[in-house]
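# Understanding the architecture of this molecule
Chain residues, written in single-letter form:
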Amino acid sequence: MFRNYFKIAIRHLQRHKFLTVINICGLAVGMACCIIIVLYVRDELSFDRFHHKADNIYRLTKIETNTANGTMDYGASIQFPVGPALKKEISGIRDAVRIFTSNTTLFTQGDKKILEEHSGYADASFFQMFDFPLLEGDPATALKDPYTVVLTASAAKRYFGQQSPIGKTLKVDNNYTCTVTGVAQDMPANTDLRMDIIQSFSTLMSRHETWEKLWFMFSSNVTYVQLADGTDPKKMEPLLKDFVKLHIGHIIEKYDVHFSLELQPLQHVHLRPEGDKGGTDNMMAIRLYVAIAVFIVLIACINFMNLTTARGHERAKEVGLRKVLGAERQHLAFQFLAESVLISFLSLVAALILVLIFLPLFNGITGKSLRLFTSTDSFIYGGLLGLAAIVGLLAGSYPALYLSGLMPVRVLKGRFMAAATRSFVRRALVVSQFAIAVILIIATTVVYTQLRFWQQKNLGFDKEHLVNIYVDGLDTVSRAQLLKAALKELPGVQQASLSNFLVGTGISMDCPIGMAGGSDKEAFVANVINGDHDLLKTTGIRLIAGRDFDPAMATDSTDAFIVNRAAVRRLGLTDPIGKRIEWRPGHLVKQGRIIGVTEDFNFRSLHYQIEPVIYQVRPQDAQVLTVRLARGNHLAQLASIEKVWNKLVPDNPLNYSFVQQDLQSQYTSERAMGQIFGIFASLAVFIACIGLLGLSMLIARQRTKEIGIRKVLGASVVHVSALLSRDFLKQVLAGIVIGVPVAWFCMEQWLHHFAFRIHLYWWMFALTAFIVILIALFTVSIQFVKAALMNPVKSLRTE
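Every value quoted in this text rests on a predicted model; they were computed, and no experiment measured them.

## A word on the overall build of the protein chain
A count of helices and strands for the protein chain gives 23 helices and 26 strands. Within the span of the protein chain, comprising 799 residues, buried residues form 52% of the whole. When contacts within the protein chain are restricted to residue pairs at least 6 apart in sequence, long-range pairs at least 24 apart make up 79% of them. If you sum the accessible surface of the protein chain, you get close to 36,000 Å²; carbon and sulfur atoms cover 59% of it.

## Some words on the side chain of Gln-731
Note on placement: Gln-731 falls in helix H21 (residues 717-751). According to the relative accessible area criterion, Gln-731 is buried, its value standing at 6%. Not counting the four nearest positions on each side in its chain, Gln-731 is found in contact with Arg-427, Val-430 and Val-431.

## What about the nonpolar core?
Residues Ile-35, Tyr-289, Val-446 and Phe-501 are the most contacted members of the largest nonpolar core, which totals 110 residues. Counting 23 residues, the second largest nonpolar core, distinct from the first, contains Ala-54, Val-97, Phe-126 and Ala-184.

## Regarding the environment of Lys-234
For Lys-234, the position within the fold is in the loop between strand E12 (221-227) and helix H7 (236-252). Classification of Lys-234 as exposed rests on a relative accessible area of 62%. For the pair formed by Lys-234 and Leu-263, sequence separation is 29 residues and the distance between their alpha carbons is 8.8 Å.

## What about a nonpolar patch on the surface?
Together, Tyr-761, Trp-762, Trp-763, Leu-767, Phe-770, Ile-771, Leu-774 and Ile-775 give the surface a local cluster of nonpolar side chains, amounting to about 810 Å² of exposed area. If you trace the backbone, Trp-763 turns up in helix H22 (residues 762-789).

## Points about the packing of aromatic side chains
All chains considered together, the criterion is met by 23 aromatic pairs. Ring centres 4.5 Å apart and planes at 15° place the aromatic pair Trp-454 and Tyr-667 in the stacked group. Within this pair, whereas Trp-454 is found in helix H13 (residues 420-456), its partner Tyr-667 is found in the loop between helix H18 (659-665) and helix H19 (668-702), the two being separated by 213 residues in sequence. No difference in accessibility class separates Trp-454 from Tyr-667, as the two residues are buried. Here the aromatic cluster, defined as three or more aromatic residues joined through ring pairs, consists of Phe-50, Phe-126, Phe-127, Phe-130, Phe-132 and Tyr-224. Over the ring of Phe-756 we find Lys-457; its NZ or CZ atom is 4.6 Å from the centre of that ring. The ring of Tyr-608 has Arg-604 sitting right over it, with the charged end atom 4.1 Å from the ring centre.

## Comments concerning the pairing of strand E14 (residues 466-470)
Counting buried residues along E14, four of its five residues qualify, which places the element largely inside the surrounding structure. As judged from the five bridges shared by E14 and strand E25 (residues 624-629), these two strands associate in the antiparallel manner. Paired with Leu-466 across the two strands is Arg-628, which belongs to E25. Summarising the sheet, E14 and strand E26 (residues 656-658) pair through three bridges and their orientation is antiparallel. Across the sheet, residue Ile-469 finds its bridge partner in E26, namely Tyr-656.

## Comments concerning the environment of Gly-460
Relative to the helices and strands, Gly-460 is located in the loop between H13 and E14. Judged by relative accessible area, Gly-460 falls into the buried class, the value being 15%. In this structure, the C-alpha to C-alpha distance between Gly-460 and Arg-542, residues 82 residues apart in sequence, is 7.2 Å. In this structure, Gly-460 is in contact with Gly-540, Ile-541, Arg-542, Asp-600 and Phe-601, ignoring residues within four places of it in sequence.

## What about H7?
By the largest-angle criterion, Lys-245 marks the main kink of H7, which is about 50°. Within H7, the full set of buried residues consists of Met-236, Leu-240, Phe-243, Val-244, His-247, Ile-248, Gly-249 and Ile-252.

## What about unusual backbone geometry?
Located in the positive-phi region is Asp-48, a residue other than glycine, with phi close to 55°. Inspection of the secondary structure assignment puts Asp-48 in the loop between helix H2 (17-45) and strand E1 (57-66).

## So, the confidence of the model for the protein chain
Predicted confidence across the protein chain gives a mean pLDDT of 83, with 83% of residues reaching 70 or more. A low-confidence stretch, residues 417-421 stays under pLDDT 50, and its non-local contacts, those more than four residues away or across chains, total one contact.

Reading guide: rules and limits
Residues numbered from 1 in each chain as written. Predicted model: local features only at pLDDT ≥ 70, side-chain atom pairs only at ≥ 80, totals over all residues. Heavy atoms only, no water. Helix = DSSP H or I, 4+ residues; strand = E, 2+ residues; numbered from the N terminus. Buried < 20%, exposed > 50% of the residue type's maximum accessible area, 1.4 Å probe, protein only. Contact = heavy atoms within 4.5 Å. Areas by Shrake-Rupley, 256 points an atom, 1.4 Å probe, with all protein chains shown as cover. Core = buried A, V, L, I, M, F, W, Y, C linked by side-chain atoms within 4.5 Å. Patch = residues over 30% accessible without salt bridge, like charges linked within 9 Å, V, L, I, M, F, W, Y side chains within 5 Å. Salt bridge = Lys/Arg side-chain N within 4 Å of Asp/Glu carboxyl O. Phe/Tyr/Trp six-rings, centres within 6.5 Å; stacked < 30°, edge-to-face > 60°. Lys NZ or Arg CZ within 6 Å of the ring centre and 35° of its normal. Pairing = 2+ DSSP bridges. Bend = angle between axes of the 7 residues up to and from the residue. pLDDT = per-residue confidence, 0-100.

Right under this line is the structure:
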């Protein structure tokens, strides 16, 4: 029986080649989109789920609430003493591991000098808590002692070739030497803990002995804890509150800030990098991509349903004859389902070809390394077959129920006519197709408009021709200052400044400030720039009151501050110049007077609000040399800079980045989202339009006699085409009416997370409506104009 079903299905598909191709194309594109999105979502959800103890591992996150203005700050940077103290004081916490990720670090072995971007420090039990197998060395002791280091297999090969690195040494930043005590298997791509070189945490603490005693220093330290088996994380909440009150509360509450620690499950870290309650939630993007996959497959299925039901009158006599000859309704339903499943599996083959062609492009957009087939991935094989079966059954369900239910007596007497309810369903399906397409087009428009807004916004400094040169690896401040002086002599360098301000990315220090002699309750945390006298001149940050630092005035280095407008507002000053304030980093208090006020400037991503900034002359803390290049050939200018660098700093390779590139890199996820939305919106419109093309062809065929009569009675080609297009235009307009408010709501929710955002303008919706109407009219007019041009004599003979 089943063989007969598929034999008849194949004959029928061969007889109607054009419609078969339309159905296969629509379903293939829809299934290809679905497959690619499933691969992407599956990869995103797999991060750090492979650890055997993952269910018991949590990351500590912080929530700081300023009780004065209600602002909240979320993050995963935790004070250095917290991890060991928690393990010691709370019995439900079995282990704690601190991970400190550093900036680009120079490692030297013999004549090999390599700047490593993925390196850091970890506590001794790192390889016991997390499943990163060691190929050589003991997981329990590899990171136990100071000045020990573990390399991944690829890093070991870079430095030592095929030799075993155990017992050999690496020099770090030309300052100290570490002994290799282990070789780990290369970390998988789906982990946020990726490090190619891991130094022992005791190395970091031995070089900065005071850090482990500072309860108000966060830096880049992240702490993971492993709970004892059977421990309820909710029961940890009161214990963490007591812990904070004992160690941190008395320090931070005097600045009118409430501080709390939260436990975030390891599986949530990748999608919520600031914590489960933080502002960044990439799970929203995952939900959007899943919705897109579902919508595009639905659009393709809707095409199939529409085209099949629209051809109902052509297959009505077939159904009637088969019923008269004894066919039961369920047999006919199985017949139509067999056709749809066959089309679905043919579409799957075409979809797999499309995925293999376009997956590299998608990987380039998202920065992934997704693959369609792996030798052990049974999920993919089973999922693909399941997808084809589900799509086939979904697409064929309504036509099967509809066509198998036709009455043979009415059909064979020639009284078959599509029911109004079925015509309504078909129209509703077309409306839903275009509503989905409208939502995707508007989303794409909004994302790209937001990106353009970020790119064009005045950041409060001149980002053109700025280069950040990383000097934190230099052993002395004097070498950095000598380098700065030498670079300023080059003709291609207009200005240079040393500071801890990585222009375009952020400031590496924040500390409390307040009015001189004021109470701690009136103080607030501000971002602190420690730099030389030339920062404002180099960056182009504009002074709005007072003056810049003057090297000729000795007091500017010891008794002066420059603040931004946001800091003035928080200090509550109307005439700030000359007022005395205090910088309170904890171990000292430095007083000084305000000599200048700058305009607010965005010192980090535009995702965040502008915060208070205090700038003081303190070049000994410099980590970055910011250089302003002259207009011209930047490659030649950088070559000149590199010559000076190699002469003065021969033991360190030059490491630099353009500020504009750093700024662009902060919006990588939004840029990828815009590109993905754009691609899938185009595909959604394409699928909807090929469905309209097939549907318009069938409608024109059904109304051939009507067209002939109208032409005989004097109707023009334009009149006939407009008459036939009117019904489709109404459906497209209905889709626009439904899609616009849904898109408005979704994009308002997305924009709500950004401190600097665009407004949703009317032209975004009007432009989308115009584009969709234009494409739809062009699509249906192809068939309708062709039908209207047909000789009416030939049209009237068709029946």
